[in-house]
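# What the coordinates show
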Amino acid sequence: MRYDYLLDLALILLSTKVLGIFSQRFRLPQVVGSLVAGLLLGPAVLGMIQETDFLHITASLGVILLMFTSGMETDINDLKNCGKSAFIVALAGVIIPLLGGFAVGTLFNDPTLLVNNAPGPQGSLFLQNIFLGIILTATSVSITVETLRELGKLRSTAGNVILAAAIIDDVLGIVALTIVTSFSDQSVHVGLVLLKIVLFFVFSIIGGIAFSAFYRWWTEKTEENRTQHAIVAFVFCLLMSYAAEQFFGVADITGAFVAGLVLSNSTTGSRGKYLSDKFESVSFLYFSPIFFASIGLQVQLDKMNLHILIFAVALTVVAILSKILGCGLGARLCRYPNATSLQIGVGMISRGEVALIVATKGAGLGLINPELFGPVVVVVVVTTIITPILLKLVFRDKPENPTLSNALS
């Protein structure tokens, strides 16, 4: 048995903490340091750590735990109040990036200019470019959640809209991905996918009500055994995450977030604080640093010629602006102030692991050339690192960039 994983864990935990403290010196969120730590340790720079199955699984648990704790800190009534607004924000945040990605693909997706002249993917260039747009529709809200928590803004108006819109964005992204993949994979049925999504939310409501009633009754009967309360709560989180992916085709982090919402509605006072403190401690000490570092570890950029490099820059710029403008304009349509609209748009920028999962799915179906993975990785890394930086700026009392804020009006 090899014990290299112990050294990997030690390096990740130490470097994320050191660089997290260093980033605070520049008045940046600690998560920026964690992301940079993974980039430095990974194949892209020092090559000290390679992503392994163990690190991948641990990182997956990290993002599940992160979304679970954010759900526990969210008031379900606040989400209900912003439900209509969140839908409009999510819809605009899908349509604008989809069109933007398609436009970039139309301009730059030329198989004759690829580096290695690899075989082109299946289907028409039109379908391939649509798929590039779908990659840009993805939103990985986990980075935003951690940053908002650090800034003390997770339960702000913008924070609630971002969380609700991210869930809806996930559903809309699944629908768009299913529609496109159905053209190249005859086994995919759009109607069945839509039915599963509806059934997931029905299951969540029924299961949530049943578990909430049981949990309240049980915790009152066993007030002295709070450790057991935490274990049962986490089991519920894992089961919801598993059911979301396995039975309904919805992201596991959505199931985790729903589980957290159920717990937030089931625990009050000291019991709720006890659970929140327990899970935040575990997340802070172990799981979250590995998750954030794992994003940097995935960066393995192949050799890119000038054409692919320009394509990567264009795709990244469009990825950032399309979410800011799309979600920001959606928020303005809901009559949110300019500053809040800008905060919402910035909070939806990060693509994270979600975009990589979508791109991998497309590659398996022949909808994207493997050589275009480099630009996709660039988008993931840049949007992931820049999101907490921009959030810190737009959550100041006075907007850092009033020109951009006025552009949303």
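Scroll up to find the structure.
Heads up: these notes are all about the structure in this document. Every value quoted in this text rests on a predicted model; they were computed, and no experiment measured them.

Take a nonpolar patch on the surface next. A cluster of nonpolar residues, Leu-306, Leu-309, Ile-310, Val-313, Val-317, Leu-321, Leu-325 and Leu-329, forms a patch on the protein surface that exposes about 670 Å² of accessible area. Within the secondary structure, Leu-321 sits in helix 13 (residues 306-333).

This part is about the pattern of salt bridges. Evaluated as defined, the whole model comprises two salt bridges. Across the pair Arg-149 and Glu-280 runs a salt bridge whose closest N-O atoms are separated by 4.0 Å. Of this pair, Arg-149 sits in helix 7 (residues 142-151) while Glu-280 is found in helix 12 (residues 269-297), placing the two residues 131 residues apart along the sequence. By relative accessible area, which is 21% here, Arg-149 ends up partly exposed. Glu-280 gets classed as partly exposed once you look at its relative accessible area, which sits at 27%.

To continue, consider the packing of aromatic side chains. Inspection of every chain in the model, using the stated rule, returns 16 aromatic pairs. Judged by centre distance (5.5 Å) and plane angle (35°), the rings of Phe-203 and Phe-248 are tilted. Of this pair, Phe-203 sits in helix 9 (residues 190-221) while Phe-248 sits in helix 10 (residues 226-248); the two residues are 45 residues apart in sequence, bridging distant segments of the chain. Looking at Phe-203, the relative accessible area reads 34%, which means it is partly exposed. Here Phe-211 and Phe-236 contribute two aromatic rings whose centre-to-centre distance is 3.8 Å and whose plane-to-plane angle is 0°, an arrangement assigned as stacked. Here the residue Phe-211 occupies a position in helix 9, and Phe-236 occupies one in helix 10, the gap between them amounting to 25 residues. A residue is classified by how much of its surface remains accessible, and Phe-211, at 12% relative accessible area, is buried.

The biggest cluster of nonpolar side chains holds 115 residues, and the ones touching the most others in it are Ile-12, Phe-68, Ile-135, Leu-263, Phe-279, Phe-291 and Ile-344. The greatest single-element share of this core, amounting to 15 residues, is contributed by helix 8 (residues 157-181).

Mapped onto the elements of the fold, Thr-69 is located in helix 3 (residues 53-72). Using a relative accessible area of 3% as the deciding quantity, one classes Thr-69 as buried. Engagement of the side chain of Thr-69 in a polar contact is seen with the backbone oxygen of Leu-66, the distance being 2.8 Å. Thr-69 has contacts with Arg-149, Phe-279 and Glu-280, leaving out every residue within four places of it along the chain.

Quick look at the packing of helix 1 (residues 4-25) against helix 2 (residues 30-41) now. Interhelical geometry of helix 1 versus helix 2 gives an angle of 135° and a closest axis separation of 7 Å. In terms of orientation, helix 1 and helix 2 fall into the oblique class. The way helix 1 lies across helix 2 gives a crossing that is right-handed. Touching Leu-11, Ile-12, Ser-15, Thr-16, Lys-17, Leu-19, Gly-20, Ser-23 and Gln-24 of helix 1 are Gln-30, Gly-33, Ser-34, Val-36, Ala-37, Leu-40 and Leu-41, all from helix 2. Considered class by class, the residues forming the contact of helix 1 with helix 2 number seven nonpolar, eight polar and one charged.

Our next topic: helix 10. Its 23 residues place the ends of helix 10 32 Å apart at the C-alpha level, agreeing with the 33 Å of an ideal helix rising 1.5 Å per residue. Turning to helix 10, its buried residues number three or more, namely His-229, Ala-230, Ala-233, Phe-236, Cys-237, Met-240, Ser-241, Ala-243, Ala-244 and Phe-248. Backbone geometry just after helix 10 places Gly-249 at a positive phi near 70°.

As a further point, take helix 11 (residues 252-266). Over its 15 residues, helix 11 extends 21 Å from the first C-alpha to the last, a length consistent with the 21 Å expected when each residue adds 1.5 Å. The element helix 11 is extensively covered by neighbouring structure, given that 12 of its 15 residues are classed as buried. Of the residues making up helix 11, those classed as buried are Ile-253, Thr-254, Gly-255, Ala-256, Phe-257, Val-258, Ala-259, Gly-260, Leu-261, Val-262, Leu-263 and Ser-266.

This next bit is on the packing of helix 10 against helix 11. For the pair helix 10 and helix 11, interaxial distance at closest approach is 7 Å and the crossing angle is 140°. For the element pair helix 10 and helix 11, the recorded crossing hand is right-handed. Between helix 10 and helix 11, the contacting residues are Ala-233, Phe-236, Cys-237, Met-240, Ser-241, Ala-244 and Glu-245 on the first element and Asp-252, Gly-255, Ala-256, Val-258, Ala-259, Val-262 and Leu-263 on the second. Partitioning the contact of helix 10 with helix 11 into residue classes produces 10 nonpolar, two polar and two charged.

As a further point, take the environment of Gly-62. Within the element layout of this structure, Gly-62 appears in helix 3. Taking the C-alpha atoms as reference points, Gly-62 and Phe-291, 229 residues apart in sequence, are found 5.4 Å from one another. Among all residues touching Gly-62, those that are not within four sequence positions of it are Phe-287 and Phe-291.

Rules used in this analysis
Residues numbered from 1 in each chain as written. Predicted model: local features only at pLDDT ≥ 70, side-chain atom pairs only at ≥ 80, totals over all residues. Heavy atoms only, no water. Patch = residues over 30% accessible without salt bridge, like charges linked within 9 Å, V, L, I, M, F, W, Y side chains within 5 Å. Areas by Shrake-Rupley, 256 points an atom, 1.4 Å probe, with all protein chains shown as cover. Salt bridge = Lys/Arg side-chain N within 4 Å of Asp/Glu carboxyl O. Helix = DSSP H or I, 4+ residues; strand = E, 2+ residues; numbered from the N terminus. Buried < 20%, exposed > 50% of the residue type's maximum accessible area, 1.4 Å probe, protein only. Phe/Tyr/Trp six-rings, centres within 6.5 Å; stacked < 30°, edge-to-face > 60°. Core = buried A, V, L, I, M, F, W, Y, C linked by side-chain atoms within 4.5 Å. Polar contact = N/O pair within 3.5 Å; in protein donor to acceptor, adjacent residues only side chain to side chain. Contact = heavy atoms within 4.5 Å. Axes fitted to C-alpha atoms, helices over the stretch in contact; angles between N-to-C directions. Parallel < 35°, antiparallel > 145°, perpendicular 65-115°, else oblique. Left-handed = near helix turned anticlockwise from the far one by under 90°. Nonpolar A, V, L, I, M, F, W, Y, C, P; charged D, E, K, R; others polar. Expected span 1.5 Å × (residues − 1).

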